[in-house]
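# Survey of secondary and tertiary structure
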Amino acid sequence: MRKLNTFLLIGTAVGSVIVAESTGPRGVGPEFAKFYKSDGTFTCISNPSHHINFSQINDDYCDCPDGSDEPGTSACAHLSALSPSSPEERSPLALPGFYCNNKGHRPGYIPFTYVNDGVCDYDLCCDGSDEWESAGGIVCENKCKEIGKEWRKQDEQRKKALRSGQKARKELVRQSSRLRKEIEDGIGVLQIEIRTLELKVGDQERQLADVERSEKARLVKGPAKGGRISVLANLAKGRIEELRTALIDVRSQRDTALERVQELEAILYKFQEEYNPNFNDEGVKRAVRSWEEFVVRKNANPDVDRAAQDRDLDEISKPDDKENGIRWEEWEGEELGDTDVLYKFEEYLPKPLRTWIDNKLRDLRVFMVQNGLLADAHHSSTSDSKAVTQAREALDAARNDVNSRKSQLTNHQEDLTKDYGVDDVFRALKGQCFSKDSGEYIYELCWLGGVTQKPKKGGANTGLGNFVSIDKIFVDDEIPSDGKGLGSGDHVALRYEGGNHCWNGPSRSTLVVLGCAEKDEIWKVMEQEKCVYRMEVGTPAVCDSADEEKPRGKDEL
Ligand code: MAN
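Fair warning: this is a prediction, and the values are worked out from it, not measured in the lab.

### Let's talk about the overall build of the protein chain
Scanning the protein chain for helices and strands turns up nine helices and 12 strands. Per-residue burial over the protein chain gives 35% buried out of 557 residues. Expressed as a percentage of contacts within the protein chain between residues at least 6 apart in sequence, the contacts between residues at least 24 apart total 55%. Entry remark: accessible area of the protein chain is about 33,200 Å², with carbon and sulfur atoms responsible for 53%.

Structure (structure tokens):
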């Protein structure tokens, strides 16, 4: 079958066939018939200065530079070699081709090169009129009746599919608009929540500052139970116990020493009385003299009143109990700091005055702490007090709440500015995935997500790109008979880029070109060049409601 790239069949409404009878010379379509009114001369259509004899029309000789004198032969077919390569360029040919009337089907134009080439081109010329010369004895019988019937059947199916695609698209658009509305509403809610939470953060900040100020104003506390007085009392009690024990020991040693001194003094008194002074022993005489001097010195400094001293020592040595000494229990567990005592006195004042004094005292303390006049209870402790920790945690939680709402808000706002295609239609499809088994791989496409190549024999998946943008491209294809193809014209195309890096090549990328279909389906996957992929995909998302009136491909013109 020939490729029908540039030649057209003419038809419009569902089930109807326009039978356009040509009234001019062979191969002239009805829209050009007006140029072929016989009045002896013919003016080349695109070259009005060029006149020829009317008999030169279809004489199998190319006279006009635009080929318009040979509508029914292939004599000017060589001009089609100069056909434009893009829709913007103009063809030198004045006519689109040889007109086939195709009665019973759709009329159409066939390339001049196909005229009388010995091949029946039923796809374009079902009536066989292109082979009017029966070149090489070929006879192309008119098959328009059956071809037309089959075409109308398929056309009806295509149109049905198109209608249901359009219906599905309308539903997608409805869903998208609902989703958009949800996001818009969400933005409103988030804005209110953020304002409320910001007030809460302000409250929490004030509460934390308050608690921190109170903490700062507190004096350094003792390590464990009780305040400084309690600690001091404990230390003093222990120390006094030690001293008392030592005193009792020393007193007992003193008493022993005194007993020995008395015993020695008695020996020496006896020696003084009983020694013989006439016995001229110098050593003895010197010892007696020293003793006598000692007795003189002793009498000059009599012993303290030992009885009184002992009474005192007895008193001191008694243990502390409820009747005697210090009542330690009165000091133990004392929690008040020195300045706290001051605060106690506030309790006796009327509340307004108490609050005023309290604030003044707090300010004074903070001032003293800040100026190094008072220890900073807050910073001297290794960790925050429970109250500060709780206040800080509450503030952090409130701030986290605000931040998370703000990031949701930014996401929502950005989302509303994103391109989701005409009528926002891809919003409803976003994230939905579907796949196709093709060769060694399963290819998966996720709307506005990623394209993945999954090896059927196992192994790692390969990313063929992530969604980047929605584009439009021109495609010059014919639609296959099953309808699963793009057709000629502008098509919505999604660009997926930045996939897995290709060895010795670029990052993988995929162009996803879309055609109208009843449901999402990957029609074709091609690797056009190494690691550059193209997918042709059917989806209701691109079933334009104007499509029913508008032809999908050139073959439907
Ligand atoms: C894999 C697949 C192929 C690709 C090569 C490039 O085999 O992704 O599509 O051509 O890598 O090395």
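### Focus: the side chain of Asp310
Residue position: Asp310 is located in helix H4 (residues 306-317). Of note is the side chain of Asp310, whose polar atom sits 3.0 Å from the side chain of Arg254. In contact with Asp310, other than residues within four places in its own chain, are Arg251 and Arg254.

### A closer look at the site of the ligand
Residues in contact with the ligand, as listed here, are Tyr441, Gln453, Cys502, Arg508, Glu527, Lys530, Cys531 and Tyr533. One of the side-chain nitrogen or oxygen atoms of Gln453 is found 2.6 Å away from an oxygen atom of the ligand. The side chain of Glu527 places a nitrogen or oxygen atom 2.5 Å from an oxygen atom of the ligand. In the complex, the protein chains occlude 67% of the 310 Å² of accessible area that the ligand would expose alone. Here the shell around the ligand is composed, by residue class, of four nonpolar, one polar and three charged.

### Describing the sheet that holds strand S7 (residues 450-455)
The eight strands lie next to each other as S5-S6-S7-S8-S9-S10-S12-S11, forming an open sheet whose pairing is mixed. Because the sheet does not close on itself, it has two edges, and the strands there are strand S5 (433-438) and strand S11 (521-529). Looking at each pair of strands side by side, their axes are set apart by 25° on average, direction ignored. In terms of strand pairing, strand S8 (residues 462-475) meets strand S9 (residues 489-497) through nine bridges, oriented antiparallel. Its bridge partner lying in S9, Phe474 is registered against Asp490.

### Structural notes on the packing of aromatic side chains
Summed over the entire model, instances satisfying the criterion amount to 10 aromatic pairs. Where Tyr36 meets Phe42, the ring centres are 4.9 Å apart and the plane angle is 20°; that geometry is what we call stacked. Taking relative accessible area as the criterion, Tyr36 reaches 5% and is therefore assigned buried. With relative accessibility at 1%, the residue Phe42 sits in the buried group. The ring of Trp132 carries Arg26 above its face, with NZ or CZ at 4.0 Å from the centroid.

### Digging into the packing of helix H1 (residues 144-217) against helix H8 (residues 386-417)
Running from N to C, H1 and H8 point in directions that differ by 160°, and their axes come no closer than 8 Å. With respect to H8, the element H1 is oriented roughly antiparallel. Crossing hand, H1 versus H8: left-handed. Counted by class, the contact of H1 with H8 contains 17 nonpolar, six polar and 13 charged residues.

### With respect to a nonpolar patch on the surface
Residues Ile229, Ile326 and Trp331 make up a contiguous nonpolar surface patch of roughly 260 Å² in combined accessible area. With respect to the helices and strands, the residue Ile229 is situated in helix H2 (residues 228-274). Accessibility expressed as a relative area gives 36% for Ile229, which makes it partly exposed.

### What about the UniProt feature "coiled-coil region" (unreviewed entry) in the protein chain?
When the UniProt feature table is mapped onto this chain numbering, "coiled-coil region" (unreviewed entry) sits at residues 240-274. As annotated, residues 240-274 has a helix share of 100% and a strand share of 0%, and its two end C-alpha atoms lie 51 Å apart.

### Side note on the pairing of strand S10 (residues 509-516)
Counting buried residues along S10, eight of its eight residues qualify, which places the element largely inside the surrounding structure. Across the two faces of S10 the burial is the same, with Ser509, Leu511, Val513 and Gly515 and Thr510, Val512, Leu514 and Cys516 all buried. As defined by bridge partners, S9 adjoins S10 across four bridges and the pair is classed as antiparallel. Within S10, the residue paired with Ala493 across the bridge is Val513. As defined by bridge partners, S10 adjoins strand S12 (residues 532-539) across eight bridges and the pair is classed as parallel. For Val512, the partnering residue across the bridge sits in S12 and is Met535.

### Some points on the state of the cysteines
Here the structure, examined in full by the defined rule, presents eight disulfides. Linked covalently through their sulfurs, Cys126 and Cys144 form a disulfide whose S-S length is 2.0 Å. One quick way to see it: the torsion about the S-S bond of Cys126 and Cys144 is about 95°, and its sign makes the bridge right-handed. Separated by 18 residues along the polypeptide, Cys126 in the loop between strand S4 (108-110) and H1 and Cys144 in helix H1 bring together distant segments of the chain. When its relative accessible area of 0% is taken as the criterion, Cys144 is described as buried. Residue Cys433 pairs covalently with Cys446 via a disulfide, S to S 2.0 Å. Disulfide Cys433-Cys446: torsion about the S-S bond near 110°, hence right-handed. Here Cys433, found in strand S5, pairs with Cys446, found in strand S6 (residues 441-446); they are 13 residues apart in sequence, far enough to count as distant. A relative accessible area of 40% means that Cys433 is categorised as partly exposed. Of the residues examined, Cys446 reaches a relative accessible area of 11% and is grouped as buried.

### Re unusual backbone geometry
The backbone phi angle of Asn58 is positive, close to 55°, even though this residue is not glycine. Given the relative accessible area of 22%, Asn58 is considered partly exposed. One non-glycine residue with positive phi stands out, namely Asp60, at about 65°.

### Brief notes about the nonpolar core
One finds Phe426, Leu445, Trp447, Leu494, Val512, Met535 and Val537 to be the most contacted residues of the largest nonpolar core, which totals 27 residues. If you list the elements that add at least two residues to this core, you get helix H9 (426-429), S6, S8, S9, S10, S11 and S12. With near-sequence residues (within four places) excluded, Val512 lies in contact with Leu445, Val451, Val492, Ala493, Leu494, Tyr496, Met535 and Val537. Grouped together as the second largest cluster of nonpolar side chains are 26 residues, Ala77, Leu79, Ala94 and Leu95 included.

The rules behind these values
Residues numbered from 1 in each chain as written. Predicted model: local features only at pLDDT ≥ 70, side-chain atom pairs only at ≥ 80, totals over all residues. Heavy atoms only, no water. Helix = DSSP H or I, 4+ residues; strand = E, 2+ residues; numbered from the N terminus. Buried < 20%, exposed > 50% of the residue type's maximum accessible area, 1.4 Å probe, protein only. Contact = heavy atoms within 4.5 Å. Areas by Shrake-Rupley, 256 points an atom, 1.4 Å probe, with all protein chains shown as cover. Polar contact = N/O pair within 3.5 Å; in protein donor to acceptor, adjacent residues only side chain to side chain. Near = heavy atom within 4 Å. Nonpolar A, V, L, I, M, F, W, Y, C, P; charged D, E, K, R; others polar. Pairing = 2+ DSSP bridges. Axes fitted to C-alpha atoms, helices over the stretch in contact; angles between N-to-C directions. Phe/Tyr/Trp six-rings, centres within 6.5 Å; stacked < 30°, edge-to-face > 60°. Lys NZ or Arg CZ within 6 Å of the ring centre and 35° of its normal. Parallel < 35°, antiparallel > 145°, perpendicular 65-115°, else oblique. Left-handed = near helix turned anticlockwise from the far one by under 90°. Patch = residues over 30% accessible without salt bridge, like charges linked within 9 Å, V, L, I, M, F, W, Y side chains within 5 Å. Salt bridge = Lys/Arg side-chain N within 4 Å of Asp/Glu carboxyl O. UniProt positions renumbered as here; feature names shortened; annotations may be inferred. Disulfide = S-S within 2.5 Å. Core = buried A, V, L, I, M, F, W, Y, C linked by side-chain atoms within 4.5 Å.

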